[in-house]
Amino acid sequence: AQLDTLDLVVLVALLVGSVAYFTKGSYWAIPKDPYASSAAINGAAKSGKTRDIVEKMEETNKNCVIFYGSQTGTAEDYASRLAKEGSQRFGLKTMVADIEDYDYENLDKFPDDKVAFFVLATYGEGEPTDNAVEFYQFFTGEEVAFESGVSSEDKPLSAMKYVAFGLGNNTYEHYNAMVRQVDTALTKLGAQRIGTAGEGDDGAGTMEEDFLAWKEPMWAALSESMDLQEREAVYEPVFSVVEDDEKSPEDESVYLGEPTASHREGRAKGPFSAHNPYIAPILESSELFTVKDRNCLHMEISIAGSNLSYQTGDHIAIWPTNAGAEVDRFLEVFGIEKKRHSVINVKGIDVTAKVPIPTPTTYDAAVRYYMEVCAPVSRQFVSTLAAFAPDEESKTEIVRLGNDKDYFHEKITNHRFTIAQALQSITSKPFTAVPFSLLIEGLNKLQPRYYSISSSSLVQKDKISITAVVESVRLPGASHMVKGVTTNYLLALKQKQNGDPSPDPHGLTYSITGPRNKYDGIHVPVHVRHSNFKLPSDPSKPIIMVGPGTGVAPFRGFIQERAALAAKGEKVGTTVLFFGCRKSDEDFIYKDEFKTFQDQMGDSLKIITAFSREGSEKVYVQHRLKENAELVSDLLKQKANFYVCGDAANMAREVNLVLGHIIAQQRGLPAEKGEEMVKHMRSSGSYQEDVW
Ligand code: FAD
């Protein structure tokens, strides 16, 4: 009987939750930006305006389209790699397509002599990536409405052959949900899948190897189905990269790191979005703590006058710049440091090839602002460099690295080398023969990084706070530190702003003033991404927050907001924060602020801490949760929302488990019932995660 109310709450909330879930796309989708593709991407993409993929493939004589749903660029990269391999090894006429650039209503007209690939990442809680929201809704809605009016019962996709690969993370509840659901939907509509629906697991760190292992049998199955003949793959560049001696980098038409044409022309204007960042002033920056090899930044970023807005719980994206030392290393390894400021024109050789970097540009700007040159290295990419090795010995070594997964792991992955460091570990000779097109093809676009906004929009609507730990990791036995791209750039901005004379101990320097000095006066390119991680609309509802380390970021915003409401005399429900760090006097961030909030909120704010390195045993937030089982359970009965933020791999999982135990134990239920209740809380939106 004790359960009845909660069960009912859960049921009702489930219903509300599903409605919220299915309408989310419209709320989430980043508005289409009028400048985006026309500005940052050259004419190739512009020339094909049609949203009809069947027509587009006909027009451009393609028989294989590779759609991608990508958030951080990996799915897009895999799509390009599949396109290249399909064309070079199997003679397919391939094109890569951003899944949001086409309509789906006429896919029942997809011809039987062609094939469609779907390379789909799953994001967050089993959600589609921003660019795949509409696609997902189209195929997983109640009734799939094709233009022709054919009903889904009649297997409208029976002519369509497709291939599917998903990118997911097994530490999340809905592992690879996108590819699984889309695969089921397509099969139900009669489409024939070729090979298995592949699943890459970022959680286990095996994404790349999962992809490599999946694609060979898939190619074999596709060859049989489409009667393809495999041939010796010969590298054919996707882009033509031509140096333009007539132009100088000072010419107005040259992109020196600007994200779009309007930025280059100095008239950057909104709407600012994921395709068109706002160059935001950093108003203040400081370190919340600094201990040996670990520090944490707090920044206040102004969005005043930008027309950008945020809500408490949203994310801000920071567009980074690569460190000077890494840019130099890359240019040296590929023998282009002397011509780094030469102007290059980059064009797609095929009309469907989208140039991922703005052009014309210079080698220096491409490497510094547009290419992810510091990321982990893919085995497939390294093996494509064999043909361009400076001598036979290095070539043999690269071929071995390409063919032997364990050897590659030992020599490259274990050392966390960047591509340039990996090649330096093979030979000191430069790889001058590598076509620049191959580097553009093989490396991702430099990605913005997301940060959970740590301020309340109610308290400071024009100012976004971020809380970021600087990534600086020394691996046991490794010769170098792995330095995070964005956080070390932010650290440099902070040092510059505060006139801090001490240079980075690892010699990293940055082009702080940005392209054509446009970021001078301490600016950083940003955009805002709306999230579903939200406070209850009724502030009198209790909330429980679990946020160790930088996981506390959004909760600082939540508490700031509730303290302000309390100060205005509003009734604010019990607000509990479980916070954890190493030591109370070392990395307890916002300690003093929390005291002030406590003064404003009195007993309704409870901060429960876990310090892992103070006692003889390590204590984490999940232990404190357990100790406070009664409080937690009582608050849940009062319809508290439960929030978790921070480490996805361990903490969030543990907390989920512990909460299940608490519910079961406190209500005298079997353990499975406790787990089930947490699942219900998740789907109803009363258990929310913001984890990374
Ligand atoms: P990166 O350069 O991206 O490196 C990150 C890690 O990748 C390194 O530590 C290393 O483990 C690995 N790596 C890098 N290069 C290599 C290599 N060559 N070989 C092998 N491994 C390598 N962070 C916060 O501090 N605060 C927040 O509030 C916050 N909120 C977030 C919210 C969301 C929704 C998401 C998705 C992430 C959030 N993050 C937050 C994490 C943040 O986005 C960044 O991932 C983090 O700051 C590191 O970025 P970076 O560019 O400095 O490091």
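Residues numbered from 1 in each chain as written. Predicted model: local features only at pLDDT ≥ 70, side-chain atom pairs only at ≥ 80, totals over all residues. Heavy atoms only, no water.

So, the overall build of the chain
For the chain, the count of helices and strands is 23 helices and 23 strands. Over its C-alpha trace the chain gives a radius of gyration of 26 Å, about what one expects of a compact globule, namely 26 Å for 692 residues. Reported as C-alpha extents along the three principal axes, the dimensions of the chain are approximately 70 × 70 × 50 Å. Counting the 692 residues in the chain, one finds 56% classified as buried. Carbon together with sulfur atoms contributes 50% to the accessible area of the chain, which is approximately 29400 Å² in total. In the chain, the 73 positive side-chain charges and the 97 negative ones have mean positions that sit 3 Å from each other. (Helix = DSSP H or I, 4+ residues; strand = E, 2+ residues; numbered from the N terminus. Rg over C-alpha atoms; globule rule 2.2 N^0.38 Å. Buried < 20%, exposed > 50% of the residue type's maximum accessible area, 1.4 Å probe, protein only. Areas by Shrake-Rupley, 256 points an atom, 1.4 Å probe, with all protein chains shown as cover. Lys, Arg positive; Asp, Glu negative; His and termini not counted. Charge placed at Lys NZ, Arg CZ, Asp CG, Glu CD.)

Quick word on the sheet that holds strand S22 (residues 641-646)
Pairing between sheet strands relies on hydrogen bonds along the backbone, with the strands arranged either parallel or antiparallel. Read from one edge to the other, the open sheet built from five strands follows the order S21-S20-S19-S22-S23, with strand pairing classed as parallel. With one partner strand each, in any of the chains shown, strand S21 (605-611) and strand S23 (687-691) form the two edges of the open sheet. The average angle at which neighbouring strand axes cross in this sheet is 15°, direction not considered. Here four bridges tie strand S19 (residues 543-546) to S22, and the two strands are oriented parallel to one another. Along S22, the bridge assignment pairs Ile-544 with Phe-642. Helix-sheet contacts for helix H22 (residues 651-667) involve S19, S22 and S23, and the interaxial angle to S22 is about 155°. (Pairing = 2+ DSSP bridges. Axes fitted to C-alpha atoms, helices over the stretch in contact; angles between N-to-C directions. Contact = heavy atoms within 4.5 Å.)

What to know about the site of the ligand
Around the ligand sit 24 residues in total, of which Tyr-450, Tyr-451, Glu-471, Thr-486 and Thr-487 are the nearest. Here an oxygen atom of the ligand sits 2.7 Å away from a polar atom, N or O, in the side chain of Tyr-451. Between Trp-692 and the ligand, the recorded distance is 3.5 Å, taken from a side-chain N or O atom to a nitrogen atom. Within the complex, 80% of the 970 Å² of free accessible area of the ligand lies under protein. Of all the secondary structure elements, the ones that give two or more residues to the shell around the ligand are strand S14 (449-452), strand S15 (463-469) and helix H17 (485-497). For the shell around the ligand, the element with the most residues is S14, which contributes four residues. Of the residues contributing to the shell around the ligand, the split by class is 12 nonpolar, eight polar and four charged. (Near = heavy atom within 4 Å. Polar contact = N/O pair within 3.5 Å; in protein donor to acceptor, adjacent residues only side chain to side chain. Nonpolar A, V, L, I, M, F, W, Y, C, P; charged D, E, K, R; others polar.)

Overview of the sheet that holds strand S9 (residues 278-291)
Strand order in the open sheet formed by six strands is S14-S11-S18-S9-S10-S15, and the pairing between neighbours is antiparallel. Where the open sheet ends on each side, the last strands, each with one partner, are S14 and S15. Adjacent strand axes in the sheet meet at a mean angle of 40° when their direction is disregarded. Relative to strand S10 (residues 294-302), S9 is paired through eight bridges, and the arrangement is antiparallel. If you follow Ile-282 over to S10, its bridge partner there is Ile-301. Against the sheet, H17 touches S9, S10, strand S11 (315-318), S14, S15 and strand S18 (523-529), its axis set at about 90° to S9.

Here we look at the pairing of strand S12 (residues 343-348)
Consecutive side chains of a regular strand alternate in pointing toward one face of the sheet and then the other. Where burial is concerned, most of S12 is hidden: five out of the six residues are buried. The sheet contact formed by strand S8 (residues 239-243) and S12 spans five bridges and is antiparallel. Bridging across to S12, Ser-240 finds its partner in Lys-347. Bridge count for S12 against strand S13 (residues 361-362) is two bridges, and the pairing is antiparallel. Directly across from Val-343, in S13, lies its bridge partner Thr-362.

Examining the side chain of Ser-454
For Ser-454, the position within the fold is in the loop between S14 and S15. With residues near it in sequence (within four places) discarded, Ser-454 still touches His-298, Ser-465, Ile-466, Thr-467, Ala-553, Arg-556, Gly-557 and Tyr-590.

Focus on the packing of helix H5 (residues 74-90) against helix H8 (residues 207-226)
The packing of two helices is summarised by the inter-axis angle and the distance between the axes. Close contact between H5 and H8 brings their axes to 12 Å; oriented N to C, the two are set at 35°. The element H5 and its partner H8 pack so that their crossing is right-handed. Contacts from Tyr-78, Arg-81, Leu-82, Glu-85, Gly-86, Arg-89 and Phe-90 in H5 reach Met-207, Glu-208, Phe-211, Leu-212, Trp-214, Lys-215, Glu-216, Met-218, Trp-219 and Ser-223 in H8. When grouped by side-chain class, the residues that make up the contact of H5 with H8 number nine nonpolar, two polar and six charged. (Left-handed = near helix turned anticlockwise from the far one by under 90°.)

Things to note about unusual backbone geometry
Each neighbour pair has its own omega, and for Gly-270 with Pro-271 the value is 0°, a cis peptide bond. Here Pro-271 lies in the loop between helix H9 (261-264) and S9. A cis amide bond, omega 0°, links Thr-359 with the succeeding residue Pro-360. Inspection of the secondary structure assignment puts Pro-360 in the loop between S12 and S13. Within the chain, Asn-61 stands out as a residue other than glycine whose phi angle is a positive 60°. One non-glycine residue, Asn-176, lies in the positive phi region at around 50°. Along the polypeptide, Asn-176 turns up in the loop between strand S5 (161-168) and helix H7 (177-188).

Some points on H5
If you check H5, its first and last C-alpha atoms are 23 Å apart, about what 17 residues at 1.5 Å a residue would give, namely 24 Å. With 15 of 17 residues buried, H5 is to be regarded as a mostly interior element. Downstream of H5 by a residue or two, Gly-91 has a phi angle that is positive, lying close to 65°. (Expected span 1.5 Å × (residues − 1).)

Brief notes about the environment of Ala-185
In this fold, Ala-185 is placed in helix H7. Given the relative accessible area of 10%, Ala-185 is considered buried.

Here's the deal with the packing of aromatic side chains
Tallied over the entire structure, the rule returns 33 aromatic pairs. Ring centres of Tyr-235 and Phe-388 lie 5.7 Å apart, and the angle between their planes is 90°; this geometry places the pair in the edge-to-face category. You can see Tyr-235 sitting in the loop between H8 and S8 and its partner Phe-388 sitting in the loop between helix H12 (379-384) and helix H13 (392-403), a full 153 residues away along the chain. Three or more aromatic residues joined by ring pairs make a cluster, and in this case those are Phe-67, Tyr-102, Tyr-104, Phe-118, Phe-135, Phe-138, Phe-139, Phe-146 and Tyr-162. For Arg-264, the ring lying beneath its charged end belongs to Tyr-255, and the centroid distance is 4.5 Å. (Phe/Tyr/Trp six-rings, centres within 6.5 Å; stacked < 30°, edge-to-face > 60°. Lys NZ or Arg CZ within 6 Å of the ring centre and 35° of its normal.)

Side note on the packing of H22 against helix H23 (residues 671-684)
Orientation of H22 relative to H23, taken along the N-to-C sense of each, is 120°, at an axis distance of 7 Å. Classified by the interaxial angle, the pair formed by H22 and H23 is oblique. Viewed along their axes, H22 and H23 form a crossing whose handedness is right-handed. Contacts between H22 and H23 involve Asn-656, Leu-659, Gly-660, Ile-663 and Ala-664 from the former and Ala-671, Gly-674, Glu-675, Met-677, Val-678, Met-681 and Arg-682 from the latter. (Parallel < 35°, antiparallel > 145°, perpendicular 65-115°, else oblique.)

A short note on the side chain of Arg-89
Here Arg-89 lies in helix H5. Look at Arg-89 and you get buried, because its relative accessible area is 14%. Apart from the residues lying within four places of it in its own chain, the contact partners of Arg-89 are Lys-215, Glu-216, Trp-219, Gln-229, Glu-230, Arg-231 and Ala-233.

A word on the pattern of salt bridges
Per the counting criterion, the structure on display carries 39 salt bridges. The shortest N-O distance in the salt bridge between Lys-461 and Asp-462 comes to 3.4 Å. The class of Lys-461 is exposed, set by a relative accessible area of 55%. Residue class for Asp-462 comes out partly exposed when judged on its relative accessible area of 32%. Each member of the salt-bridge network shares a partner with another, and the members are Glu-85, Arg-89, Lys-215, Glu-216 and Glu-230. (Salt bridge = Lys/Arg side-chain N within 4 Å of Asp/Glu carboxyl O.)

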